[in-house]
Amino acid sequence: MQASNENLHRGLEERHIQLIALGGAIGVGLFLGSATAIKTAGPALMLTYFVGGLVMFAIMRALGEMAVSYPVAGSFSTYAYNFLGPLPGYITGWTYWFMWVVTCMAEITAVGIYMTFWFPNSPQWAWALAALVIMTLVNIINVKAYGEFEFWFALIKVVTIILMIIVGLGMIIFGIGNNGVPVGISNLWSHGGFFPKGAMGPVMALVMVAFAYLGIELIGVTAGEAKNPEKTLPAAIDKVFWRILIFYVGALFVIMSLFPWNEIGTKGSPFVIVFDKIGIPAAAGIINFVVLTAALSSCNSGIFSTGRMLYNLALQKKAPAVFAKLNKNSVPVNGIIVSAIFLSVGVVLNYIVPAKVFEYVTSVATIGAIWIWSVILLSQMAYRKSLSPQEVAKLKYPMVMFPIANYLSLVFLAAVVVMMAFSEGTRVALYVGPVWFGLVIASYYLFGFHKSDALAPSEARL
């Protein structure tokens with residue numbers, strides 16, 4: 001397999017990978033962004049998350065089939081390189097790096113905003129810079145430090161959602177916080193029906209749902225540093241689907257049962273309202289702390305991913321060789337530091353760019369994610385075609401419902417791209433996306449990578 005990672009340290013245990021996979025799927029969007037998605041689709045939003053969850057599970061199973069057989073760092077780029085060709089591998093590696101740099105710029109800005117909740121007179125850029133420095137240092141220490149931080153960050157999010165679901169069910173069934181009168185679930189259909197925005201409501205919410213799942217593919221990046229990947233990766237992937245249903249669909253079920261869907265978002269985060277209603281003091285402060293950890297978690301994972309992707313690209317000789325160097329703790333420190341320098345642009349942008357631009361930029365990150373997810377599905381299909389029937393029978397973690405699940409998932413991802421055209425905030429991605437891909441493809445030919453790949457065909461395939 002091209003681009004080995006045998007020098008990386010396998011320091012991630014099963015509990016780390018379980019929480020990294022789950023933490024990647026639960027972002028700030030659920031805590032603060034859910035209100036916007038609810039307005040778009042009403043209670044039927046639960047269906048969009050359910051279908052989206054099925055697609056994400058299919059993508060993760062496709063990734064799992066390859067990752068268990070070939071657990072390498074920067075897996076998407078390597079699989080694309082080996083199974084689809086050198087150019088798709090090149091585009092995928094740089095696009096994933098770009099996606100996380102863009103996402104992390106928004107996340108460190110979010111950290112600044114959340115910290116000014118407690119320190120209103122402090123400069124926002126200072127908190128953004130502090131977050132960037134701390135998360136960079138954590139990633140440089142060793143991979144286990146990254147895994148520990150991500151484990152606890154994800155655990156905070158998970159515990160908050162579980163508490164909210166339990167408290168909410170207590171209100172729905174037993175009337176806790178409502179003078180003992182059960183709230184029931186009639187709000188799910190009492191305000192214009194389950195489909196108040198018609199059949200197109202859940203479809204229009206596709207883009208927001210796709211963005212909410214951005215990061216779930218992180219489990220593939222951990223493959224190169226997982227202890228016993230044959231055991232830990234399948235265990236994490238199989239459990240992620242059910243946990244997504246519990247956390248996303250379960251949380252939305254509780255929120256929209258407790259409050260009329262058309263009133264959600266008018267009084268702040270739904271999570272704050274739920275905790276506030278049962279008399280928990282400082283509910284807003286608690287949720288602010290949770291979303292702060294969610295933003296730090298995303299930033300932490302972004303720095304981890306960008307460093308590994310540059311490392312993988314350097315092994316492929318598609319990035320400067322300096323990125324392939326590891327420190328004494330087997331961490332690709334140069335890739336991490338250079339990524340952090342690019343991320344520091346986000347600190348500067350706090351001065352000169354209005355917040356609206358970050359909304360545009362994160363929609364560009366979604367285009368990057370759709371490319372990555374599509375490449376995972378297509379790579380697995382090409383990988384399967386390269387195997388004999390006997391080799392397929394020996395697969396340790398085969399893709400489910402192959403190839404039907406692949407085709408249905410690709411249709412879903414295409415629908416997300418189409419829906420981007422219907423909103424001003426996401427339409428920008430349809431302009432920026434082709435420009436980015438055009439620049440990457442141009443650089444592939446400009447730097448002569450097409451010639452070096454043509455001269456070494458034996459290295460470009462398994």
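Heads up: the structure comes first, above all this text.
Definitions and limits used
Once a new chain begins, its residue numbering starts again from 1 and follows that chain's sequence as written. With pLDDT at 70 or above as the cut-off, local features in this predicted model cover only qualifying residues; side-chain atom pairs require 80 or more to be listed or tallied, and sums for whole chains, interfaces and linings still use all residues. In computing side-chain properties, one takes all heavy atoms of the structure into account and sets aside hydrogens as well as water. Note on conventions: DSSP H or I runs of at least 4 residues are helices, E runs of at least 2 residues are strands, and numbering of each starts at the N terminus. For every residue, the accessible area obtained with a 1.4 Å probe (protein chains only) is divided by the maximum for its type, and the residue is called buried under 20%, exposed over 50%, and partly exposed between those limits. The term polar contact refers here to a pair of N or O atoms within 3.5 Å; inside protein, the definition further demands a hydrogen-donor-capable atom paired with an acceptor-capable atom, and it admits residues adjacent in sequence only when both atoms are side-chain atoms. In this analysis, rings of Phe, Tyr and Trp, with Trp reduced to its six-membered ring, are considered paired at centre separations within 6.5 Å, and the interplanar angle assigns stacked below 30 degrees, edge-to-face beyond 60, and tilted for intermediate values. To define axes, lines are fitted to C-alpha atoms, for helices over the stretch in contact only, and angles between the resulting N-to-C directions are given on a 0 to 180 degree scale. Every angle not falling under 35 degrees, over 145, or within 65 to 115 is termed oblique; those three ranges are roughly parallel, roughly antiparallel and roughly perpendicular. Only Asp, Glu, Lys and Arg are considered charged, only Ala, Val, Leu, Ile, Met, Phe, Trp, Tyr, Cys and Pro nonpolar, and every remaining residue, Gly among them, polar. Among buried residues, those of type Ala, Val, Leu, Ile, Met, Phe, Trp, Tyr and Cys that are joined through side-chain atoms within 4.5 Å constitute a nonpolar core. We call two residues contacting when some pair of their heavy atoms lies within 4.5 Å. A carboxyl oxygen of Asp or Glu within 4 Å of a side-chain nitrogen of Lys or Arg is what we treat as a salt bridge.

Novice: Break down the side chain of T306 for me, with residues and values.
Specialist: Turning to its location among the elements, T306 is positioned in helix α13 (residues 283–315). The class of T306 is buried, set by a relative accessible area of 2%. At 3.1 Å, the side chain of T306 forms a polar contact with the backbone oxygen of I303. Looking at T306, its side chain comes within polar contact range of the side chain of S339, at 3.3 Å.

Novice: I'd love a proper account of the packing of aromatic side chains, names of residues and values included.
Specialist: The tally for this structure, following the rule as stated, stands at 20 aromatic pairs. Ring centres 6.4 Å apart and planes at 25° place the aromatic pair Y79 and F83 in the stacked group. Of this pair, Y79 and F83 both sit in helix α4 (residues 75–83), 4 residues apart, roughly one helical turn. Since its relative accessible area comes to 1%, Y79 is described here as buried. Its relative accessible area of 11% is what places F83 among the buried residues. Between Y213 and Y248 the ring centres are 5.3 Å apart and the planes differ by 75°, which places this aromatic pair in the edge-to-face class. On the criterion of sequence distance, the pair formed by Y213 in the loop between α9 (206–212) and α10 (218–221) and Y248 in helix α11 (residues 229–258) is long-range, its members being 35 residues apart.

Novice: Which residues make up the packing of helix α3 (residues 45–69) against α11, and what are the values?
Specialist: A pair of packed helices is captured by two measures, namely the crossing angle of their axes and the spacing between those axes. One can describe the packing of α3 onto α11 by two numbers: an axis separation of 10 Å at closest approach and a directional angle of 175°. Considered as vectors, α3 and α11 are oriented roughly antiparallel to each other. Of the residues in the contact of α3 with α11, the class split is 21 nonpolar, 2 polar and 3 charged.

Novice: Break down the nonpolar core for me, with residues and values.
Specialist: In a soluble, globular protein the nonpolar side chains are often hidden away together inside. By size, the foremost hydrophobic cluster in this structure holds 138 residues, and its most contacted members are L45, Y49, I59, W94, M164 and W373. Sequence-distant contacts of L45, defined by excluding residues within four places in its chain, comprise A37, I38, A205, V209 and L252.

Novice: I'd like a rundown of the side chain of S77, residues and numbers included.
Specialist: Mapped onto the elements, S77 comes out in helix α4. Judged by its relative accessible area of 0%, S77 falls in the buried class. A distance of 3.0 Å separates a polar side-chain atom of S77 from the backbone oxygen of G89. Beyond its immediate stretch of four places on either side in the chain, S77 contacts G89, T92, G93, M309, N312, L313 and Q316.

Novice: Got a sec to walk through the pattern of salt bridges? Specific residues and values, please.
Specialist: Pairing between side chains of opposite charge can happen when the charged atoms of each approach one another. Under the counting rule described, the total for this entry stands at 2 salt bridges. In this structure, the salt-bridge partner of R61 is D238, at a minimum N-O distance of 3.4 Å. Of this pair, R61 sits in helix α3 while D238 sits in helix α11; the two residues are 177 residues apart in sequence, bridging distant segments of the chain. Classification of D238 as partly exposed rests on a relative accessible area of 31%. When the shortest N-O distance is used, the salt bridge between R384 and E65 registers 2.6 Å. Linking R384 in helix α15 (residues 355–385) with E65 in helix α3, this pair joins segments that are 319 residues apart in sequence. Each member of the pair, R384 as well as E65, carries the same accessibility label: buried.

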